[in-house]
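Coordinates in review
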Amino acid sequence: MRRTVMKRHAWWSALSFVAMTLLPVVASAESGEASGSGSPSMQQVLETFRVDSQAAEQRDTQRLETLLDDREGLQQAVADAEQRLQDAQDRRDQLESRQADQQQQLAALQQQRTEEAGDIGDISGIVKQQASELRDALGESWLTVGGDAQLPPRLDDRGLIDLQTLDRVRQDLAGLIAESGRGVRFQAPVAGPDGDVAQRPVVRLGDTVAFSDGDLLQRIGDDGRLSVVAATPGDARQALQAFQQGEGNQIVVDPTDGDVLDALAQQPSLWERFQQGGYVGYVIVALGIIGLLVALIQYVYLLRVSARMRRQMRAPESLSDDNPLGRVLQRFAALGRDHAPEALEARLDEALLAEQPRLERAQPVVKLIAAVAPLLGLLGTVTGMIVTFQSITVFGTGDPQLMAGGISQALVTTVLGLITAVPLLFVNTALSSRSRRLIGLLEGRASAVLAEHLEAETAAVAHAEERRHGAHA
């Protein structure tokens, strides 16, 4: 009894301590709200705490003395508590006994169910397992889209399956089998490549394929929303559009369950491939365009020169300065007849050399670009591999996508350099061939004119000698 009283006294002391700790704070808050001034000082708080502690200790002492004086009341309270404890223990024993009896009854019922069910339990387990596997396998199937078929319900693992549930599973399976051989048309919300959702006509052929306006469809999200596949090939789009409009009898099927379409979606377009080359690729393409433009302009110029030279050769008496041959012959005719043959040949060579740069211009630029383009491609390859190795250093080799950017740049710049260099080499060869032909034509015609002039001079000198000898005789 004395120990019980001491425990209660300890409890009262703890409660008093907590109360005395909180009372100064509450009092300080209330005084702060009433007066609007700042919080009390630490000395005031300690003084308030000491006064409250002494008051609480006096109250506890008085209560303890009261309990010690009233021993009969204290004993009665203890007896009541012990009686309640005994009643609770008896109640617990009764509940435990009842639980044991119920567990025995449950075990007996389960044994009886097992004995009476026989093969029904195994069949029920197989049906539940197959229904669950079927739901998982057909969760993203097209059979439940646009038709009346439904997936079988998810069955509880505990207990036997009843006839009503078994009949429902049978009906659902029959509906799925029927839908697998049907083609249906319906209206449904479809998300486009840009994310906009609109009502579109949809055609579903069994569990094979679904498409709308030539676009193959896919199911996304937990609710199976319809969305357009990112990349539908052009031939497949035309065949599906013709089938949907009733003008064709061919459809397109992806036997890999979307793997081929995913690969096509990830395949970059020509513009995306060009962008993978980076700044080096842009420089290569720009130089290639410049080289082709320069070569085209020069080739057109050579064609015009060829046409004018042919016109000049058909009319050698009327010399024109709009072509190299006419200008060379004009300069030769302006030299006069009193020059030595060596001087005439030198002047003729000078006129030919003056026309040669115009005929061969642009060839050095085209040749230079054709030589620089592969070097720039090699530069892009080196920089791309540097980026790749930096990615490997930071992230390792676990994720190939981190290295794809650098490898793409390395390969694309090399391809761009070769694509730029090869046509420019052919163009430079064409320019060089045509310019050499024109220069050879100029040299041949100029040599013929010089030879005719020298022959005429020689004939004139011989004729003069004959006349002089005749007069002398």
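Just so we're clear, the structure is a prediction, and the values are computed from it rather than from any experiment.

The subject of this paragraph is the overall build of the chain. Along its length, the chain carries 13 helices and 5 strands. Scored against the burial criterion, the 473 residues of the chain give a buried share of 28%. In the chain, 63% of the contacts between residues at least 6 apart in sequence involve partners at least 24 apart. As presented, the chain carries roughly 31500 Å² of accessible surface, and 56% of it is formed by carbon and sulfur atoms.

Although it is not a glycine, Asp 213 sits at a positive phi angle of roughly 55°. As for its placement among the helices and strands, Asp 213 is situated in the loop between β3 (209-212) and β4 (215-220). With relative accessibility at 37%, the residue Asp 213 sits in the partly exposed group. We note that Ala 362 has phi near 75°; this positive angle belongs to a residue other than glycine. Inspection of the secondary structure puts Ala 362 in the loop between α11 (341-360) and α12 (363-395). Judged by relative accessible area, Ala 362 falls into the buried class, the value being 15%.

Take a negative patch on the surface next. Judged by side-chain charge, Glu 342, Glu 345, Asp 349 and Glu 443 come together as a negatively charged surface patch. Here the negative patch takes 3 residues from α11, the largest share from any one element. Tracing the chain through its elements places Glu 443 in helix α13 (residues 401-472). For Glu 443, a relative accessible area of 40% puts it in the partly exposed group.

Another aspect to go through is the nonpolar core. Side chains of nonpolar character tend, in soluble globular proteins, to be buried together. Counting residues in each nonpolar core, the largest one holds 23 residues, and the members touching the most others are Met 309, Val 328, Leu 359, Leu 438 and Leu 442. Sorting elements by how many residues they give to this core places α13 first, with 7 residues. When residues no more than four places from it in sequence are discounted, the contact partners of Leu 438 are Leu 302, Val 305, Ser 306, Met 309 and Leu 359. With 11 residues, the next largest nonpolar core counts Phe 186, Val 190, Leu 217 and Val 228 among its residues.

Moving on: the pairing of β3. Judged by which residues are buried, β3 turns out to be covered on both faces: Val 209 and Phe 211 on one side and Ala 210 and Ser 212 on the other are all buried. Two elements, strand β2 (residues 197-205) and β3, share 3 bridges in a ladder whose sense is antiparallel. Across the sheet, Val 203 pairs through a bridge with Phe 211, a residue of β3. Counted between consecutive antiparallel strands, the loop separating β2 from β3 contains 3 residues, among which Gly 206 sits at a positive phi close to 55°. Direction of pairing for β3 relative to β4: antiparallel, over a ladder of 2 bridges. For Phe 211, the partnering residue across the bridge sits in β4 and is Leu 216. Hairpin connection of β3 to β4: 2 residues between the antiparallel strands, including Asp 213 at a positive phi of 55°.

Turning to the pattern of salt bridges, a few remarks are in order. In total, this model carries 7 salt bridges according to the counting rule given. Residue Arg 182 is joined to Glu 179 by a salt bridge in which the shortest nitrogen-to-oxygen separation is 2.5 Å. Under the relative-accessibility criterion, Arg 182 is labelled partly exposed at 39%.

What follows deals with the sheet that holds strand β5 (residues 225-228). The 5 strands are arranged β1-β2-β3-β4-β5 in a closed barrel whose pairing can be described as mixed. If you compare each strand with its neighbour and ignore which way they point, the axes differ by 50° on average. Helix α6 (residues 234-244) contacts β1 (183-191), β2, β3 and β4 of the sheet and is inclined by roughly 85° relative to β3.

Quick look at the environment of Gly 146 now. As for its position among the elements, Gly 146 is in the loop between α4 (119-137) and α5 (163-179). Residues within four places of Gly 146 in sequence aside, it is in contact with Val 184 and Phe 186.

Turning next to a nonpolar patch on the surface. Taken together, the side chains of Met 385, Phe 389, Ile 407 and Leu 411 present a nonpolar region at the surface, about 360 Å² in accessible area. Breaking the nonpolar patch down by element, the ones donating at least two residues are α12 and α13. Among the secondary structure elements, Met 385 is positioned in helix α12. The partly exposed category is assigned to Met 385, whose relative accessible area is 31%.

In this section: the packing of aromatic side chains. Here the structure, examined in full by the defined rule, presents 2 aromatic pairs. Taken together, a centroid distance of 6.1 Å and an interplanar angle of 70° make the contact between Phe 211 and Phe 243 edge-to-face. With Phe 211 in strand β3 and Phe 243 in helix α6, this pair connects stretches of sequence that are 32 residues apart. Overall, Phe 211 belongs to the buried group, its relative accessible area being 0%. Taking 6.2 Å as the distance between ring centres and 90° as the angle between the ring planes, the aromatic pair formed by Tyr 279 and Tyr 282 counts as edge-to-face. Taken together, the residues span about one helical turn, with Tyr 279 and Tyr 282 both in helix α9 (residues 278-314) at a distance of 3 residues. Owing to a relative accessible area of 71%, Tyr 279 belongs among the exposed residues under this scheme. Residue placement shows Arg 361 over the ring face of Tyr 301; its charged tip is 4.3 Å from the ring centre.

Another aspect to go through is the packing of α9 against α12. Packing of α9 against α12 brings their axes to within 10 Å, and their N-to-C directions diverge by 170°. Between α9 and α12, the angle is such that the two are roughly antiparallel. Facing α9, whose interface residues are Val 280, Val 283, Ile 284, Leu 287, Gly 288, Gly 291 and Ala 295, α12 presents Val 366, Ile 369, Ala 373, Leu 376, Gly 377 and Gly 380. Looking at the contact of α9 with α12 residue by residue, the class counts come to 9 nonpolar, 4 polar and no charged.

In this structure, β1 lies alongside β2, joined through 9 bridges in antiparallel fashion. Its bridge partner being in β2, Ala 188 is matched across the sheet by Arg 200.

Within the element layout of this structure, Thr 420 appears in helix α13. Residue classification places Thr 420 among the buried residues on the basis of a relative accessible area of 11%. The residues touching Thr 420, leaving out its near neighbours within four places in the chain, are Ile 284, Gly 288 and Ala 373.

Reading the values: rules and limits
- Residues numbered from 1 in each chain as written.
- Predicted model: local features only at pLDDT ≥ 70, side-chain atom pairs only at ≥ 80, totals over all residues.
- Heavy atoms only, no water.
- Helix = DSSP H or I, 4+ residues; strand = E, 2+ residues; numbered from the N terminus.
- Buried < 20%, exposed > 50% of the residue type's maximum accessible area, 1.4 Å probe, protein only.
- Contact = heavy atoms within 4.5 Å.
- Areas by Shrake-Rupley, 256 points an atom, 1.4 Å probe, with all protein chains shown as cover.
- Patch = residues over 30% accessible without salt bridge, like charges linked within 9 Å, V, L, I, M, F, W, Y side chains within 5 Å.
- Salt bridge = Lys/Arg side-chain N within 4 Å of Asp/Glu carboxyl O.
- Lys, Arg positive; Asp, Glu negative; His and termini not counted.
- Charge placed at Lys NZ, Arg CZ, Asp CG, Glu CD.
- Core = buried A, V, L, I, M, F, W, Y, C linked by side-chain atoms within 4.5 Å.
- Pairing = 2+ DSSP bridges.
- Axes fitted to C-alpha atoms, helices over the stretch in contact; angles between N-to-C directions.
- Phe/Tyr/Trp six-rings, centres within 6.5 Å; stacked < 30°, edge-to-face > 60°.
- Lys NZ or Arg CZ within 6 Å of the ring centre and 35° of its normal.
- Parallel < 35°, antiparallel > 145°, perpendicular 65-115°, else oblique.
- Nonpolar A, V, L, I, M, F, W, Y, C, P; charged D, E, K, R; others polar.

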